[in-house]
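# A look at the structure
Residue strings, one per chain:
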Amino acid sequence: MTAISIILMTLVVFLSRYLFLEPSVPVKLSYGMRRFLSYSSPAVLTAICGPIVFAPDGEAWIGIDNPYLIAALVAALVMFKTKNLLLSIVVSMALFLLLNLVLFPAITQS
């Protein structure tokens, strides 16, 4: 059953990408629909990252001792200031690693 689900979802993802990316397929979206779909990437990213940042153990954890929240805030600040995605990722990952290994090792290993 799992294999069938994976195969079907693969087909759905492939076909949805193929219809919009293949130049020979005559599917064109209106300006309004393209504008509407431009919000889907940030919405999906927020839905994925929100629970990880604000509730890594399943319950809300908003505080100065949350390494996920600190690294996410630093990533947002670096991205806002520099507009450099790679720098933002490297800095926030390095900070997250530092926080987990040095400052909060007992919290994150539980």
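As a further point, take the confidence of the model for the protein chain. On average, residues of the protein chain score 87 in pLDDT, and 95% of them are at 70 or above. Ranking the helices and strands of the protein chain by mean pLDDT puts helix α4 (residues 67-82) first, with 94, and helix α6 (residues 105-108) last, with 63.

Position of Ser-92 relative to the elements: it lies in helix α5 (residues 85-103). Look at Ser-92 and you get buried, because its relative accessible area is 12%.

Turning next to the environment of Leu-21. When you line up the elements, Leu-21 lands in helix α1 (residues 2-21). When its relative accessible area of 66% is taken as the criterion, Leu-21 is described as exposed. Along the backbone, Leu-21 and Pro-105 are 84 residues apart, and their C-alpha atoms lie at a distance of 45 Å.

This part covers the side chain of Asn-66. Tracing the backbone shows Asn-66 in the loop between α3 (40-54) and α4. Polar contacts involving the side chain of Asn-66 include one to the main-chain carbonyl oxygen of Trp-61, which spans 2.5 Å. At 3.0 Å, the side chain of Asn-66 and the backbone nitrogen of Tyr-68 are in polar contact. Leave out the neighbours within four places in its chain, and Asn-66 touches Val-53, Pro-56 and Trp-61.

Let's shift gears to the packing of α4 against α5. Across the interface, α4 lies against α5 with an axial gap of 8 Å and an inter-helix angle of 155 degrees. The angle between α4 and α5 falls in the class roughly antiparallel. Taken as a pair, α4 and α5 cross one another with a handedness that is right-handed. Along the contact surface, α4 presents Pro-67, Tyr-68, Ile-70, Ala-71, Val-74, Ala-75, Val-78, Met-79 and Thr-82, while α5 presents Leu-85, Leu-87, Ser-88, Val-91, Ser-92, Leu-95, Phe-96, Leu-99 and Asn-100. The class makeup of the residues in the contact of α4 with α5 is 14 nonpolar, four polar and no charged.

Turning next to the packing of aromatic side chains. For any two aromatic rings, the description comes down to two numbers: the centre-to-centre distance and the angle of the planes. Across all of its chains, the model carries two aromatic pairs by this definition. Residues Phe-14 and Tyr-18 carry aromatic rings whose centres are separated by 5.7 Å and whose planes lie at 20 degrees to one another, so their mutual orientation is stacked. Of this pair, Phe-14 and Tyr-18 both sit in helix α1, four residues apart, which is roughly one turn of the helix. Both rings, one in Tyr-68 and one in Phe-96, keep their centres 4.9 Å apart while their planes meet at 50 degrees; by these two values the pair is tilted.

Reading guide: rules and limits
Residues numbered from 1 in each chain as written. Predicted model: local features only at pLDDT ≥ 70, side-chain atom pairs only at ≥ 80, totals over all residues. Heavy atoms only, no water. pLDDT = per-residue confidence, 0-100. Helix = DSSP H or I, 4+ residues; strand = E, 2+ residues; numbered from the N terminus. Buried < 20%, exposed > 50% of the residue type's maximum accessible area, 1.4 Å probe, protein only. Polar contact = N/O pair within 3.5 Å; in protein donor to acceptor, adjacent residues only side chain to side chain. Contact = heavy atoms within 4.5 Å. Axes fitted to C-alpha atoms, helices over the stretch in contact; angles between N-to-C directions. Parallel < 35°, antiparallel > 145°, perpendicular 65-115°, else oblique. Left-handed = near helix turned anticlockwise from the far one by under 90°. Nonpolar A, V, L, I, M, F, W, Y, C, P; charged D, E, K, R; others polar. Phe/Tyr/Trp six-rings, centres within 6.5 Å; stacked < 30°, edge-to-face > 60°.

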